[in-house]
Amino acid sequence: MAGLRVLSATMLLSLFFALTPATAQAPIPEGIQIGLSTDAVSITAGFSGADLTIFGSLENPDPLVARQGRYDVIVVLEGPPRPVVVRRKDRVLGVWVNLESETFENVPMSYSVATTRPLQDIAEPSKYKQLSLGSQNLYMMPADENDSPATIEEFTAALRERKTATGLYSENIGGVQFLSQNLFRATVRLAPNVPVGTHKARAFLFKSGLFIKESSAQLEIRKSGFEQSVFRVAHEYSFLYGVFAVSLAMITGWLGRLVFRKD
């Protein structure tokens, strides 16, 4: 009986030591982290646009996958969401007038993308739709969802085209570069008319076309100097600011009339 107990204990210990290496060798999932050199950017009236650099790292990358270049990173800098009204002008009796409009809720005022490769080479289009990743895949929520789908689609396309034309929506293919197997650098564009407010930097990690993980950080963009004072007064004392602006325009017009009047 004692021999049977010893045999059973020996078998259990053998099974334990046989399973322990397998557990220790279980793969650790990859992750991604990003960091900003500053959490605030100040701009002045003479701001003509700039490139913002974002650094990041992969956590627990597979060395073989890294050597084969099968890791991809997409970095997005997304501006503050606000309502946007899109209007369509038509010619009536020789005059261009606004006939139709569509209001969209929570539209990112700016959207800059940097990628390791072209989007079509990283993952399937359906994956970007699921992640709402890329300016063409952002869901523009109409204020009135009872409008016809064709009308909503038309105004959505016009909104995207307008944002792209003004530089607020941009894409930098190859803007993400790996400095080593786990360190990378991303460059995103700040347009000259970049909106002030809280921007969100997001990094998406893909492995062989499959989405792995996302990381994010916040960036505050604000005006500085005299422009900041005017901006603050206009928002905090909007009525007084409006009265002052109208009064200044009237005085300027009156002075101009005195200077340029003909006797």
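Residues numbered from 1 in each chain as written. Predicted model: local features only at pLDDT ≥ 70, side-chain atom pairs only at ≥ 80, totals over all residues. Heavy atoms only, no water.

A. Region of the structure containing the overall build of the protein. Helix and strand content of the protein: seven helices and 13 strands. Here the protein, with 263 residues, has 31% of them falling under the buried criterion. Considering only intrachain contacts with a sequence separation of at least 6, the fraction spanning at least 24 residues in the protein is 73%. When the accessible surface of the protein is split by element, carbon and sulfur atoms take 58% of a total near 16,600 Å². (Helix = DSSP H or I, 4+ residues; strand = E, 2+ residues; numbered from the N terminus. Buried < 20%, exposed > 50% of the residue type's maximum accessible area, 1.4 Å probe, protein only. Contact = heavy atoms within 4.5 Å. Areas by Shrake-Rupley, 256 points an atom, 1.4 Å probe, with all protein chains shown as cover.)

B. Broad picture of the side chain of serine 135. With respect to the element layout, serine 135 can be found in the loop between α4 (125–131) and β8 (141–142). Among residues more than four places away in sequence, those in contact with serine 135 are Tyr111, Arg160 and Tyr169.

C. Representation of the sheet that holds strand β4 (residues 71–78) in the model. Reading across the sheet, the six strands line up as β2-β13-β12-β4-β7-β9 and stay open at both edges, with mixed pairing between neighbours. Both edges of this open sheet fall to β2 (40–43) and β9 (169–173), since each of them pairs with a single strand only. Looking at each pair of strands side by side, their axes are set apart by 20° on average, direction ignored. Bridging between β4 and strand β7 (residues 111–115) involves five bridges; their strand directions are antiparallel. Bridge pairing links glutamate 78 to tyrosine 111 in β7. (Pairing = 2+ DSSP bridges. Axes fitted to C-alpha atoms, helices over the stretch in contact; angles between N-to-C directions.)

D. Region of interest: the packing of aromatic side chains. Within this structure, the stated rule accounts for five aromatic pairs. Geometrically, the ring pair formed by phenylalanine 178 and phenylalanine 184 is edge-to-face, given 6.1 Å between the ring centres and 65° between the ring planes. Of the aromatic side chains, those joined through ring pairs into one cluster are Tyr128, Phe204, Phe206 and Phe211. (Phe/Tyr/Trp six-rings, centres within 6.5 Å; stacked < 30°, edge-to-face > 60°.)

E. Broad picture of the sheet that holds strand β10 (residues 176–178). Spatially, β1-β3-β11-β10 is the arrangement adopted by the four strands of the open sheet, whose pairing is antiparallel. Lying at the two open borders of the sheet, with one neighbouring strand each, are β1 (31–35) and β10. Pairs of neighbouring strands in the sheet enclose a mean axial angle of 25°, with direction left out of account. Note: β10 against strand β11 (residues 183–190), three bridges, orientation antiparallel.

F. Structural context of the environment of arginine 202. Within the secondary structure, arginine 202 sits in strand β12 (residues 197–207). Judged by its relative accessible area of 16%, arginine 202 falls in the buried class. Filtering out sequence-adjacent residues up to four positions away, arginine 202 remains in contact with Ile34, Ile74, Val75, Val76, Glu78, Glu214, Ser215 and Ser216. Of the polar contacts made by the side chain of arginine 202, one reaches the side chain of glutamate 214; its length is 2.7 Å. (Polar contact = N/O pair within 3.5 Å; in protein donor to acceptor, adjacent residues only side chain to side chain.)

G. Region of the structure containing a nonpolar patch on the surface. Taken together, Phe55, Leu179 and Leu183 make up a surface patch of nonpolar side chains, about 280 Å² in accessible area. Within the secondary structure, phenylalanine 55 is located in strand β3 (residues 50–59). Since its relative accessible area comes to 44%, phenylalanine 55 is described here as partly exposed. (Patch = residues over 30% accessible without salt bridge, like charges linked within 9 Å, V, L, I, M, F, W, Y side chains within 5 Å. Salt bridge = Lys/Arg side-chain N within 4 Å of Asp/Glu carboxyl O.)

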